[in-house]
Amino acid sequence: MIATPFARWEERFLAADDCPWPGPRPLTSDDHTLLIGRESDSSEFRNMVDGHRLVILDGKSGIGKTSLLQAKLIPDLRDDRYVVAACRDWSDDSSLLAHDFLAKKIKAALREDPEVGDAAECFRDGAGLFVDIAADPRRFVIILDQFEELIRYSEERTAKILETLVTLNRKFPINVVVSLRSEYLHELRPLERDVKPFSYSKYELEPVSADFAIELISAPNKETREEGRASHIDFDAARHVAVGPDVAAVPEDCSGLNDGAPVDDDLLAKPGLRID
């Protein structure tokens, strides 16, 4: 059996020392250069966080909510000397009251902030944590990411935690961000109804524009090459050619995509290919 050009391309890709793409995992602060096409979202969302005590971030599953938080919002806030407690582990502890449970999660997250670290132990447990945070001269942002996981664990506990968030919103100058999948947004109606007037805002994260498709694919590969790591795909050539549905019609000449050979102009006009 004769290997097709794309079979050889796939083989060389799988043999690469380092895969340049992060895959389905959320981006982190180390991946900030890969957050492509989110400049406008980042700016608008940050303005909301600065101007409101409570901001809801929603979007479809896998749309990039956690990536926006981890790769952009949290690093930017910390650069501006905010203390950030980013919670996303909602494993249940049924022995705790709702406000104690939330305080425990926030306190654990504070240990991960470089401005706090082990000094998080100086904060009290339970409701006292929120009083201590409010009395601290530093600016705090509490991020409750993947909040739908908490809702799925226990609707009863979620209702009690929402009551706690309303109390925080009305009594303390603490900024809170709640991020969750759009299909769970209706669960947060008590927040919208009961929080302090004009203290609430919501941002829906939409898919990245198709205008950034080529950059989304090529940016990780470009970064890999600039770092001197192994890379076996030349997108400077590949970005001009998009494979159509008739893969069998792609000519043998397309093997030039494997090794950076220039793409022949005659090739681009042949069946099975389209030009973007």
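The rules behind the values
Residues numbered from 1 in each chain as written. Predicted model: local features only at pLDDT ≥ 70, side-chain atom pairs only at ≥ 80, totals over all residues. Heavy atoms only, no water. Helix = DSSP H or I, 4+ residues; strand = E, 2+ residues; numbered from the N terminus. Expected span 1.5 Å × (residues − 1). Bend = angle between axes of the 7 residues up to and from the residue. Buried < 20%, exposed > 50% of the residue type's maximum accessible area, 1.4 Å probe, protein only. Contact = heavy atoms within 4.5 Å. Axes fitted to C-alpha atoms, helices over the stretch in contact; angles between N-to-C directions. Parallel < 35°, antiparallel > 145°, perpendicular 65-115°, else oblique. Left-handed = near helix turned anticlockwise from the far one by under 90°. Nonpolar A, V, L, I, M, F, W, Y, C, P; charged D, E, K, R; others polar. Salt bridge = Lys/Arg side-chain N within 4 Å of Asp/Glu carboxyl O. 1 Å grid on protein atoms, 1.4 Å probe; cavity = no way out; pocket = protein on both sides within 12 Å on 5 of 7 lines; lining within 4 Å. Points joined across faces, edges and corners; volume = space filled by probe spheres on them. Phe/Tyr/Trp six-rings, centres within 6.5 Å; stacked < 30°, edge-to-face > 60°. Core = buried A, V, L, I, M, F, W, Y, C linked by side-chain atoms within 4.5 Å. Pairing = 2+ DSSP bridges.

Participant: I'm lost on helix H3 (residues 65–79) in this one. Help?
Facilitator: Each full turn of the α-helix corresponds to 3.6 residues, which orients residues three or four apart in the same direction. Along its 15 residues, H3 runs 20 Å from first to last C-alpha, staying within 8% of the 21 Å computed at 1.5 Å per residue. In H3, a bend of some 35° at Leu73 exceeds every other bend along the element, and Pro75, a proline, comes one to four places later. Summarising burial for H3: 11 of the 15 residues are buried, a large majority. Taken together, the buried positions of H3 are occupied by Lys65, Thr66, Ser67, Leu68, Leu69, Gln70, Ala71, Leu73, Ile74, Pro75 and Leu77. Once H3 ends, the next one or two residues include Arg81, with phi positive near 70°.

Participant: What is the right way to look at the environment of Val83 in this model?
Facilitator: In this structure, Val83 sits in strand S2 (residues 83–87). Residues within four places of Val83 in sequence aside, it is in contact with Leu110, Asp113, Glu115, Val116, Arg138, Arg139, Phe140 and Val141.

Participant: Would you mind going over the packing of helix H2 (residues 39–51) against H3 with me for this structure?
Facilitator: With their axes 11 Å apart at the nearest point, H2 and H3 run at an angle of 55° to one another. In terms of their interaxial angle, H2 and H3 are classed as oblique. Like other packed secondary-structure pairs, H2 and H3 cross with a definite hand, here right-handed. Counted together, Ser42, Phe45, Arg46 and Val49 of H2 and Leu68, Leu69, Lys72, Leu73, Asp76 and Leu77 of H3 form the full contact between these two elements. Looking at the contact of H2 with H3, its residues break down into 6 nonpolar, 1 polar and 3 charged.

Participant: Even after reading the chapter, I still don't get the pattern of salt bridges, so can you show me in this structure?
Facilitator: Any two side chains of opposite charge can pair, on the condition that their charged atoms come close. Throughout the structure, instances matching the rule amount to 17 salt bridges. In this structure, the salt-bridge partner of Asp58 is Lys202, at a minimum N-O distance of 3.5 Å. Here Asp58, found in strand S1 (residues 54–59), pairs with Lys202, found in strand S5 (residues 200–204); they are 144 residues apart in sequence, far enough to count as distant. Residue class for Asp58 comes out buried when judged on its relative accessible area of 2%.

Participant: Can you help me understand the layout of surface pockets in this one?
Facilitator: Here the idea is plain: a probe the size of a water molecule rolls over the atoms and shows the empty space left. Approximately 650 Å³ is the volume found for the largest pocket. What lines the largest pocket is a set of 26 residues, among which Arg25, Gly62, Ile63, Gly64 and Ser67 lie closest to the centre. Counting residues per element, the lining of the largest pocket draws most heavily on H3, which supplies 3 residues. Partitioning the lining of the largest pocket into residue classes produces 12 nonpolar, 8 polar and 6 charged.

Participant: What should I look at first to understand the packing of aromatic side chains in this one?
Facilitator: The geometry of two aromatic rings is summed up by the distance between their centres and the angle between their planes. Applying the stated criterion to the full structure yields 4 aromatic pairs. Ring centres 6.4 Å apart and planes at 40° place the aromatic pair Trp90 and Phe101 in the tilted group. Highlighted residues: Trp90 in the loop between S2 and helix H4 (98–110) and Phe101 in helix H4, separated in sequence by 11 residues. A residue is classified by how much of its surface remains accessible, and Trp90, at 2% relative accessible area, is buried. Look at Phe101 and you get buried, because its relative accessible area is 1%. When the ring of Trp90 is compared with that of Phe147, the centres are 5.8 Å apart and the planes differ by 80°; the resulting orientation is edge-to-face.

Participant: What exactly am I supposed to notice about the nonpolar core here?
Facilitator: One recurring pattern in soluble globular proteins is that nonpolar side chains are buried together. One finds Ile106, Leu110, Leu144, Phe147, Leu165, Val178 and Leu191 to be the most contacted residues of the largest nonpolar core, which totals 39 residues. For this core, the secondary-structure elements that each account for two or more residues are S1, S2, H4, helix H5 (127–135), strand S3 (140–144), helix H6 (147–153), helix H7 (155–171) and strand S4 (175–181). Ignoring sequence-local partners within four residues, the contact set of Phe147 consists of Trp90, Thr158, Ile161, Leu162, Val178, Ser179, Leu180 and Leu188. In terms of nonpolar packing, the next biggest core, distinct from the first, is built from 22 residues, Leu35, Leu57, Val84 and Ile143 among them.

Participant: Got a minute to help me understand the packing of H4 against H5 in this structure?
Facilitator: Relative orientation and spacing of two packed helices are given, respectively, by the angle between their axes and the distance between those axes. Close contact between H4 and H5 brings their axes to 8 Å; oriented N to C, the two are set at 50°. Here H4 is positioned oblique relative to H5, judged by the angle of their axes. Taken together, the residues of H5 that come into contact with H4 (itself represented by His99, Asp100, Leu102, Ala103, Ile106, Lys107 and Leu110) are Ala127, Leu129, Phe130 and Ile133. Tallied by class, the residues present in the contact of H4 with H5 amount to 8 nonpolar, 1 polar and 2 charged.

Participant: Just to check I follow, could you spell out the sheet that holds S4 for this structure?
Facilitator: Within a sheet, adjacent strands bond to each other through the backbone by hydrogen bonds, running parallel or antiparallel. Strand order in the open sheet made by the 5 strands is S2-S3-S4-S1-S5, with parallel pairing throughout. Among the strands making up the open sheet, the edge pair consists of S2 and S5. Recorded for the sheet is a direction-independent mean angle of 15° between the axes of neighbouring strands. As judged from the 5 bridges shared by S2 and S3, these two strands associate in the parallel manner.

Worth remembering: the numbers are spatial, not functional.
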